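Each chain is listed here by its residues.
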Amino acid sequence: MTSTVLLALDTSTEYCSVALLRAEGPSAAAESASSRIWFRHERTGPVSSSRVLPAVRELFGEAGLTLAQCNAVAFGAGPGSFTGLRTATGVAQGLAFGLGVPVVPISTLLVCAESVRRREPSIARVLAVLDARMDEVYWADYAWDAGAAEWRTLTPPTLSAPESLAAPDEPFALAGNAARAFGERLALSQQAALVDHEALPDARPLAFAALRAYGTGRVVAAHDAAPEYVRDKVAQTTAERMAERAARGGQEAR
């Protein structure tokens, strides 16, 4: 049986996370005993960009594989750190373009859901909620379809105030760091059957989610890969910030 070799990258947080997954068959079950994974998950802060490619080389060396054997490159598309998302997107694009393979963008929120399910296979509903800073959260609602062995997205990645989130009408797990960041303001944390603070963006669950996506053709060409910022206003230019300050000053003068 033909092996599938998939490289997964995530730099959406302060961690540089890279995983190399080898599985039997193009759509091998993520839980297959024949699957092997090698990974690096290192807290690098703002310098993830300088660590990603060395980590990739290390993993291929450990696995005894070559880059030419890679079938697809997956990356954490967001939401998350804007700079980190651009880093992962750029590296995934560059590697995939050079290898002539597709890219598999995976939501970082879905990665949180996948992380919970891999530790607790009985979990079928996950609300993934991450601290988005600026007094807001990124969140999405997922249900595991056991028959299809795939996640269904009930609410796609969204940006909201923590107080506005409502609990699902069935038992659910809460994944991500928002419960710690917002405490009682995230009221639904008190209603969750499980709160998993450690279910954060990580290349290992990302790789398994990406393997399923790859097997069903949910891939894009390298030049079409793009971050999923969710927050509409990604960054202001210096000119925009100065214009806003000038406008506020004029209003105050009046």
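Provided above is the structure to which this section pertains.
The model shown is predicted, which means the values in this text are computed figures rather than measured ones.

### What to know about the environment of Glu-14
1) Next: Along the polypeptide, Glu-14 turns up in the loop between strand S1 (3–10) and strand S2 (15–24).
2) Next: Placed 66 residues apart in sequence, Glu-14 and Gly-80 show a C-alpha to C-alpha distance of 9.8 Å.
3) Next: When residues no more than four places from it in sequence are discounted, the contact partners of Glu-14 are Glu-42, Arg-43, Thr-44 and Gly-45.

### A short note on the sheet that holds strand S6 (residues 125–131)
1) Next: The strand order S8-S7-S6-S9-S10 describes an open sheet built from five strands, whose pairing is mixed. With one partner strand each, in any of the chains shown, strand S8 (150–160) and strand S10 (194–196) form the two edges of the open sheet. Strand-to-strand twist of the sheet, defined as the mean angle between neighbouring strand axes without regard to direction, takes the value 20°.
2) Next: Pairing of S6 with strand S9 (residues 173–175) involves three bridges; the strand directions are parallel.

### Describing helix H3 (residues 108–119)
1) Next: Under the 1.5 Å per step criterion, the end-to-end length of H3 is 17 Å for twelve residues, consistent within 8% with the ideal 16 Å.
2) Next: The buried count for H3 comes to ten of twelve residues, which makes it a mostly enclosed element.
3) Next: Listing the buried residues of H3 in full gives Thr-108, Leu-109, Leu-110, Val-111, Cys-112, Ala-113, Glu-114, Ser-115, Val-116 and Arg-117.
4) Next: Near the N-terminus of H3, the side chain that reaches the backbone nitrogen of Leu-109, with its oxygen 3.1 Å away, is that of Ser-107.

### Some details on the sheet that holds strand S4 (residues 72–78)
1) Next: A sheet is described by the order of its strands in space; here five strands give the open sequence S3-S2-S1-S4-S5, paired in mixed fashion. Both edges of this open sheet fall to strand S3 (36–43) and strand S5 (103–107), since each of them pairs with a single strand only. With direction set aside, neighbouring strand axes in the sheet form an average angle of 20°.
2) Next: Where S4 meets S5, five bridges bridge the pair, whose relative direction is parallel. Directly across from Gly-76, in S5, lies its bridge partner Ile-106.
3) Next: Contacts from helix H2 (residues 82–99) reach S1, S4 and S5 within the one sheet, and its direction differs from that of S4 by about 165°.
4) Next: Sitting on the sheet, helix H5 (residues 203–215) touches S1, S2, S3, S4 and S5, and the angle it makes with S1 is about 130°.

### Examining the environment of Val-116
1) Next: Within the fold, Val-116 resides in helix H3.
2) Next: Judged by relative accessible area, which is 1%, Val-116 ranks as buried.
3) Next: Those residues within four positions of Val-116 in sequence are excluded, and the remaining contacts are Ile-123, Val-126, Ala-173, Ala-175, Leu-194, Asp-196 and Ala-199.

### Topic: the packing of H3 against H5
1) Next: Here H3 crosses H5 at 100°, and the two axes come no closer than 8 Å. The angle between H3 and H5 falls in the class roughly perpendicular. Contact with H3, carried on its side by Leu-110, Val-111, Glu-114, Ser-115, Arg-117 and Arg-118, involves Pro-205, Leu-206, Phe-208, Ala-209 and Arg-212 of H5 and no other residues of that element.
2) Next: Classifying every residue of the contact of H3 with H5 by side-chain character gives six nonpolar, one polar and four charged.

### Remarks on unusual backbone geometry
1) Next: With an omega of 5°, the peptide bond between Gly-78 and Pro-79 qualifies as cis.
2) Next: Positive phi outside glycine occurs at Met-134, with the angle close to 50°.
3) Next: Mapped onto the secondary structure, Met-134 falls in the loop between S6 and strand S7 (137–145).
4) Next: A residue is classified by how much of its surface remains accessible, and Met-134, at 64% relative accessible area, is exposed.
5) Next: The phi dihedral of Val-230 falls on the positive side, at around 75°, and the residue is not glycine.
6) Next: Within the secondary structure, Val-230 is located in the loop between H5 and helix H6 (238–253).

Quick notes on the rules
- Residues numbered from 1 in each chain as written.
- Predicted model: local features only at pLDDT ≥ 70, side-chain atom pairs only at ≥ 80, totals over all residues.
- Heavy atoms only, no water.
- Helix = DSSP H or I, 4+ residues; strand = E, 2+ residues; numbered from the N terminus.
- Contact = heavy atoms within 4.5 Å.
- Pairing = 2+ DSSP bridges.
- Axes fitted to C-alpha atoms, helices over the stretch in contact; angles between N-to-C directions.
- Expected span 1.5 Å × (residues − 1).
- Buried < 20%, exposed > 50% of the residue type's maximum accessible area, 1.4 Å probe, protein only.
- Polar contact = N/O pair within 3.5 Å; in protein donor to acceptor, adjacent residues only side chain to side chain.
- Parallel < 35°, antiparallel > 145°, perpendicular 65-115°, else oblique.
- Nonpolar A, V, L, I, M, F, W, Y, C, P; charged D, E, K, R; others polar.

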